[in-house]
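# Tertiary structure, described
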Amino acid sequence: MNAILLAVLALPILAALALWAVPVTIGDRLAASYGSVISGLVLVGSLFLWPRTSGWADYEPRDSALRAETDVAWIPSLGVRFHVGVDAISVPLIVLTALLTFLCCLYSLKITPRIGRTRSLIALLLVIEAGVIGTFSAMDLVLFFVCFEIVLIPMWLVIDIWGDHHDPEGRKRAATTFVLMTVLGSALMLLGFLLVQRVAGTFDIERLTNSPVAGGHGIPLVAAVLIAVGLAVKVPLWPLHIWLPDAHAKAPTVGSVLLAGVLLKLGTYGLIRILVPVLPDATATIAPYLGAFSTVAIVAGSLACLAQSDVKRLIAYSSVGHMGFIGLGIATMSPAGLRGALFANIAHGLITGLLFFLAGAIKDRHDTSELRAIGRALYARLPRIAALLTFACLASLGLPGLAGFWGEMLVLLGAYDPAPSLPRTTFLVFMVIAGVGTVLTAAYFLRLVRNLCQGDPAEHPPAAFAVDLSRIELVTWTPLVALTVLLGVWPGLLLQQWSAL
C-alpha cells in the first residue's frame, strides 16, 4: 500500500516532465488523452488507498494512525524527513483532487482554450495535482510547505496564459495578485513552522500531533497566528480574499475548477491537520477571532454575490461564503464543527467544480459570462445546461438531500456547542449570523436562476448553438452530479469515517 501512495505522488510529476520532454509537436487531443490516462491511473490508485483506511472509525486526532506511510531521511542536518502518509482526513481530499484533475483532462479532449498549447496546459494540471496530493499526504512541516508552494507557479501560468482572452491585462493582473498574495501567506506560514520547531524540536507532524505544543501565549501564540493567517490567505477568509474573484473570473474553466475544487482546500486542510492538533491551546486563544472573520466572510461573500453581474465572479464570491462556513466549523474546535468542516470541504469541491464547469460552458457558447449579455431565457436556448445549473445552485445553497446541506448544518451545530474552552455565547452569536448567511445564500442563487433561466423566450430567441449538452460534457459532469446526490442522501459514507473526532 505504501508503494501505491508513492506512485500516486510520483506519477503526475513524472508524466508532466515526460510530456514536456517530448521533442515533437503533439496535437491537442493526443495531449488531453495522455493527461486523461495518467490522471485516471492516479484516480484508480487513490481509490485503492480508500479500502486500506477502512478502519477510519479508529482514527484519533492525537494519534494519527496512518494507514499508508513512508518515512525516510531527507535533510538530516535540519531534521527534515520525507514523511508522507494518509488517514481519514487526507484520503477523501486526495480522491477529490484525483477526480477533478481527471475530469479536467477529460474535458480538454473536446473543449480547449482558444490559445491552444494544450500539451503545456495538461502538463501544468498534472504538476498541480502532484503538489496538491503531496500537501494532503505530507507529515513533515517543511515537506508540507514545499508541496504547498509547488502549486503556485503552475496555477499562475494557467491563469496568465490561458485566461480570459478578451482581457489580457486583467488576466495578468489577476494572476500576479494571486501569486503575490499566496506567496505572502506562505512566508508567514513558514515563519510559524520555524517557531513550532524551535519550541518542539521537530518538524514531524505525527510527533507534534501526539505531543502537541502546550501554552496559549508567548511563542506558541505567535506561531498559531502566523500559521492561521498564512493558511487563511489560501482559504481565503475575509479580508484576505481579494485575490479570489479576479483569479476565478479570468481563469480558464479547468483552472477555475481546480482552484475552487482543490486549491482552496489546502488552507482549510492545513488548519485541521496542523493548527488545531499541534497548537491546541494557542488555537483556543485565537479561535473566537477565527470564528469572527469566518462569520464575516459568510455574510460579506453573500452580499457581494447579490451585487454581481458576472456568473463566474458570483460563483467565486459564493466560495468566500462557503469557505467561511468551513472556517467557522474549524474555529469551534468541536467534534460536530470539525466533521462539518471536513464534509463541507468535499461537498464544496464537488458542487463548485460543477458550477464552474457550467459557467465555462455558458461562457463558451455566449462568449461572455455577463448576465445581461447572456439574457434570461437559458431554459429556451440550453435547457439541459440550464437544468444542471439549477441543480448545482440548489445543491450549493444547501437544499436537504444534496451534499451541500450536511456540512453547513453540522457547522451550525458545532457553533451551538463549541469546545468547552471557548466562549459559548460568542459562538451562539456566530451561529445566528451564519444562519442569516444561509438565507442570503439561497437569495443570490435563486436570483441567479431567475436572471439566467426564467425569462420570456420571446424576448431572447434561441441562438444557433451547435449543441445544448455535448457528450464530453455529459461524461465529465455526471460523476459530480452523482456524488452530490449520493453524499446528500448517504452522508454517513463520509461522516462515519470521522466518528472519533
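Residues numbered from 1 in each chain as written. Predicted model: local features only at pLDDT ≥ 70, side-chain atom pairs only at ≥ 80, totals over all residues. Heavy atoms only, no water.

Naming follows an unreviewed UniProt entry, where the protein appears as NADH-quinone oxidoreductase subunit M of Kribbella sp. HUAS MG21. Under the UniProt heading Sequence similarities (unreviewed entry), the entry covering the protein gives this text: "Belongs to the complex I subunit 4 family." (UniProt positions renumbered as here; feature names shortened; annotations may be inferred.)

What the protein contains, in helices and strands, is 21 helices and 2 strands. The globule rule puts the C-alpha radius of gyration for 501 residues at 23 Å, and the 22 Å found for the protein is close to it. If one aligns the C-alpha atoms of the protein with their principal axes, the spans along those axes are about 65 × 60 × 40 Å. Out of the 501 residues in the protein, the part that is buried amounts to 61%. Pairs at least 24 residues apart make up 81% of the contacts formed inside the protein by residues separated by at least 6 positions. (Helix = DSSP H or I, 4+ residues; strand = E, 2+ residues; numbered from the N terminus. Rg over C-alpha atoms; globule rule 2.2 N^0.38 Å. Buried < 20%, exposed > 50% of the residue type's maximum accessible area, 1.4 Å probe, protein only. Contact = heavy atoms within 4.5 Å.)

Scanning the model with the defined rule gives 4 salt bridges in all. Its salt-bridge partner being Arg313, residue Asp246 comes within 2.5 Å of it at the nearest N-O pair. With Asp246 in helix H10 (residues 244-250) and Arg313 in helix H13 (residues 311-332), this pair connects stretches of sequence that are 67 residues apart. On the basis of relative accessibility, which here comes to 23%, the residue Arg313 falls in the partly exposed class. Close ionic contact of Arg365 with Glu473 constitutes a salt bridge, the shortest N to O distance being 2.9 Å. Residue Arg365 is located in helix H14 (residues 335-366), and its partner Glu473 is located in helix H20 (residues 471-489); the two are separated by 108 residues in the primary sequence. Comparing Arg365 with Glu473 shows no difference in burial state: the two are buried. (Salt bridge = Lys/Arg side-chain N within 4 Å of Asp/Glu carboxyl O.)

Moving on: the UniProt feature "domain: NADH:quinone oxidoreductase/Mrp antiporter transmembrane" (unreviewed entry) in the protein. UniProt feature "domain: NADH:quinone oxidoreductase/Mrp antiporter transmembrane" (unreviewed entry): in the numbering of this structure it lies at residues 138-418. The span residues 138-418 is 80% helical and 0% strand by assignment, and the distance between its end C-alpha atoms comes to 29 Å.

Between helix H3 (residues 90-107) and helix H11 (residues 253-278), whose axes approach to 10 Å, the crossing angle comes to 170°. Considering their axes alone, H3 and H11 lie roughly antiparallel with respect to each other. Residues Ser90, Leu93, Leu96, Thr97, Leu100, Thr101, Cys104 and Tyr107 of H3 touch H11, and the partners they reach there are Thr253, Val254, Val257, Leu258, Gly261, Val262, Lys265, Tyr269 and Arg273. Its residues assigned to classes, the contact of H3 with H11 shows 10 nonpolar, 5 polar and 2 charged. (Axes fitted to C-alpha atoms, helices over the stretch in contact; angles between N-to-C directions. Parallel < 35°, antiparallel > 145°, perpendicular 65-115°, else oblique. Nonpolar A, V, L, I, M, F, W, Y, C, P; charged D, E, K, R; others polar.)

Turning next to the packing of aromatic side chains. By the definition in use, this model includes 10 aromatic pairs. Consider the rings of Phe144 and Phe148, whose centres lie 5.7 Å apart with planes at 25°: the pair is stacked. In this pair, Phe144 and Phe148 are both assigned in helix H5 (residues 141-150), 4 residues apart and thus about one turn of the helix distant. A centroid spacing of 5.3 Å and a plane angle of 80° characterise the contact between Phe427 and Phe430, whose relative ring orientation is edge-to-face. (Phe/Tyr/Trp six-rings, centres within 6.5 Å; stacked < 30°, edge-to-face > 60°.)

Two faces, one strand: in a regular strand the side chains alternate between the faces of the sheet. Burial analysis of strand S2 (residues 80-86) places 5 of its 7 residues in the buried class, which makes it a mostly covered element. As judged from the 7 bridges shared by strand S1 (residues 68-75) and S2, these two strands associate in the antiparallel manner. In the strand pairing of S2, Thr70 is matched with Val84. Hairpin connection from S1 to S2: 4 residues lie between these consecutive antiparallel strands, with Gly79 at a positive phi of about 75°. (Pairing = 2+ DSSP bridges.)

Along the chain, the position of Pro280 falls in helix H12 (residues 280-306). Pro280 gets classed as buried once you look at its relative accessible area, which sits at 14%. Linking Pro280 and Thr352, residues 72 residues apart in sequence, is a C-alpha distance of 31 Å.

Once that is clear, we can look at the nonpolar core. Counting residues in each nonpolar core, the largest one holds 171 residues, and the members touching the most others are Leu279 and Trp477. Setting aside residues up to four positions removed in sequence, Trp477 forms contacts with Tyr107, Leu354, Phe357, Leu358, Ala361, Ile385, Leu388 and Leu469. (Core = buried A, V, L, I, M, F, W, Y, C linked by side-chain atoms within 4.5 Å.)

Here the protein averages 86 in pLDDT, while 92% of its residues score no lower than 70. This stretch, residues 52-64, has a pLDDT under 50; its non-local contacts, to residues over four places away or in other chains, come to 40 contacts. (pLDDT = per-residue confidence, 0-100.)

All right, on to the side chain of Thr352 then. Its location among the elements puts Thr352 in helix H14. Not counting residues within four places of it along the chain, the set of residues in contact with Thr352 comprises Ala260, Ile315 and Ser319.

A word on the state of the cysteines. Following the criterion strictly, the structure yields 0 disulfides and no others. No disulfide involves Cys147; its sulfur sits 19 Å from that of Cys105, the nearest cysteine. (Disulfide = S-S within 2.5 Å.)

Right, let's get into the environment of Phe102. Tracing the backbone shows Phe102 in helix H3. Among all residues touching Phe102, those that are not within four sequence positions of it are Ser36, Ser39, Gly40 and Leu43.

Time to look at a nonpolar patch on the surface. On the surface, a cluster of nonpolar side chains totalling about 390 Å² of accessible area is made up of Trp238, Tyr289, Phe293 and Val296. Among the structural elements, Trp238 can be located in the loop between helix H9 (219-234) and H10. Residue classification places Trp238 among the partly exposed positions, given a relative accessible area of 32%. (Patch = residues over 30% accessible without salt bridge, like charges linked within 9 Å, V, L, I, M, F, W, Y side chains within 5 Å. Areas by Shrake-Rupley, 256 points an atom, 1.4 Å probe, with all protein chains shown as cover.)

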